[in-house]
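Okay, here's what each chain looks like letter by letter:
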Amino acid sequence: MSPCAWRSFDSYLGLPKYSLASGKTRSLFQSANVVERQNLEGGMDGSLAEKYASSHERLSDDIRKENCVSDMLIDSFGRLHTYLRISLTERCNLRCQYCMPAEGVELTPNSHLLSQNEILRLANLFVSSGVDKIRLTGGEPTVRKDIEDICSQLSNLKGLKTLAMTTNGITLARKLPKLKECGLNLVNISLDTLVPAKFEFMTRRKGHERVMESINAAVDLGYNPVKVNCVVMRGFNDDEICDFVELTREKPINVRFIEFMPFDGNVWNVKKLVPYSEMLDRVVKQFTGVQRIQDHPTETAKNFRVEGHQGSVSFITSMTEHFCAGCNRLRLLADGNFKVCLFGPSEVSLRDPLRLGVEDNELKEIIGAAVKRKKASHAGMFDIAKTSNRPMIRIGG
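Residues numbered from 1 in each chain as written. Predicted model: local features only at pLDDT ≥ 70, side-chain atom pairs only at ≥ 80, totals over all residues. Heavy atoms only, no water.

A few words on the confidence of the model for the protein. Close inspection of predicted coordinates is inappropriate in any region flagged by low pLDDT. On average, residues of the protein score 81 in pLDDT, and 73% of them reach the 70 mark or higher. Note that residues 1–51 has pLDDT below 50 and, in this model, 70 contacts with residues that lie over four places away or in other chains. Low pLDDT (under 50) marks residues 379–386, which in the prediction has 21 contacts with non-local residues, meaning those over four places away or in another chain. (pLDDT = per-residue confidence, 0-100. Contact = heavy atoms within 4.5 Å.)

Within the fold, D295 resides in the loop between β7 (290–292) and β8 (301–306). Overall, D295 belongs to the buried group, its relative accessible area being 1%. (Helix = DSSP H or I, 4+ residues; strand = E, 2+ residues; numbered from the N terminus. Buried < 20%, exposed > 50% of the residue type's maximum accessible area, 1.4 Å probe, protein only.)

Within this structure, the stated rule accounts for 19 salt bridges. As a salt-bridge pair, R144 and D146 come within 2.8 Å of each other at their nearest N and O atoms. For the pair shown, R144 and D146 are each scored as buried. The partner of K339 in a salt bridge is E347, with the nearest N and O atoms 3.5 Å apart. The exposure class of K339 is buried, given its relative accessible area of 0%. Among the residues examined, E347 registers a relative accessible area of 26% and is labelled partly exposed. Beyond isolated ion pairs, a larger network of salt bridges with shared partners links R234, D238, E278 and R282. (Salt bridge = Lys/Arg side-chain N within 4 Å of Asp/Glu carboxyl O.)

This part is about helix α10 (residues 208–220). Here α10 is 13 residues long and its end C-alpha atoms lie 19 Å apart, about the 18 Å a rise of 1.5 Å per residue gives. Along α10, the positions that sit buried rather than exposed are H208, V211, S214, I215, A217, A218 and V219. Summarising the contacts, the buried residues of α10 are in contact with α8 (172–181), β4 (186–190), α9 (196–203), β5 (226–232) and β6 (253–259). Positive backbone phi, approximately 95 degrees, marks G222, located one or two places after α10. (Expected span 1.5 Å × (residues − 1).)

So, on to unusual backbone geometry. Put simply, G138 and G139 share a cis peptide bond, and its omega is 5 degrees. Following the sequence through the fold, G139 ends up in the loop between β2 (133–137) and α7 (147–155). Here the amide bond leading from N224 into P225 is cis, since omega sits at 5 degrees, within 30 degrees of zero. Along the chain, P225 turns up in the loop between α10 and β5.

Our focus in this paragraph is the sheet that holds β2. The 12 strands are arranged β7-β8-β9-β6-β5-β4-β3-β2-β1-β10-β11-β12 in an open sheet whose pairing can be described as mixed. Either end of the sheet is taken by a strand with one partner, and the two such strands are β7 and β12 (348–349). One ladder, built from five bridges, connects β6 with strand β9 (residues 312–316); its direction is parallel. For R256, the partnering residue across the bridge sits in β9 and is S314. (Pairing = 2+ DSSP bridges.)

Here's what the structure looks like:
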């Protein structure tokens, strides 16, 4: 990339907030259902719009048949929360610009973070109540020295079906064989560019080659699919969308394009957002035989297969078409706070009552009350951008 291009992108990161007074743009994103219909039909003919429309509703009656969960995990809208994301640390070996503010973040003192025993006790409480999937996040989860022990003990919890991890892949290649032995059976690797120089600029660190090695190592170890998370930002990596799709041609890789989301300190701006419909339109124009896959009702992604490709392509449309109605996710943060919505500022501490010696039934009451307060949906991208929330690194990817 030329020096002029670097200066241009540096200015791009500091663009002023997009005016909320712009009625045309604001109305475009007010209704999730209207957005998808308008965007799809605007870029494609009617048959394609129908072909690629969300398939969640067709499965909406099935989810209750598949789950038997405690009332603790059911909110006031009847959503069953069977998926717990646990942030193991706030520390990371990268400094991604959309995740961490330029000035850095004040980390929670180690004494205020959950210990391994506290993580396991809370995880067991959730799993015994009906959670069947746990995802380990960070910061960067692999920087925890006890990551193998944590995976081994979590994978042995009765009732847990899936133990997943979201990682930046910097140290994953050498750790993954042992982690797989310890029960890690699903991996998401974050990678936002296939260009090493852009990777170094975005992450403020070197390491692109190591991430690619980790992706290949996961494939070689039999992970299928290997999920690759890509946050798409206009003017930075939106020109690489089809290059990422090419990763799926010969390998069982699921590339997941994620709409750019607002968090504290990441200089979010609607002009940086590349909506799902635009990303899909680029893929459909470049590749033949793009087929919609029917999604599970709690799926966050819209999933597609490309004819002749071993892997698949997905789009996570948190901003232009939220999937709150099917949300089954809860979050346990590294400091022990419990968060029922990624975009909501509301949190409740589980660490404090745990350390005061409360019994499991009291912890369940605290958790159940928080789940019952979960709102029907997030506030929408413009209001989220104005709402105080943690930086992404202190929430967990």
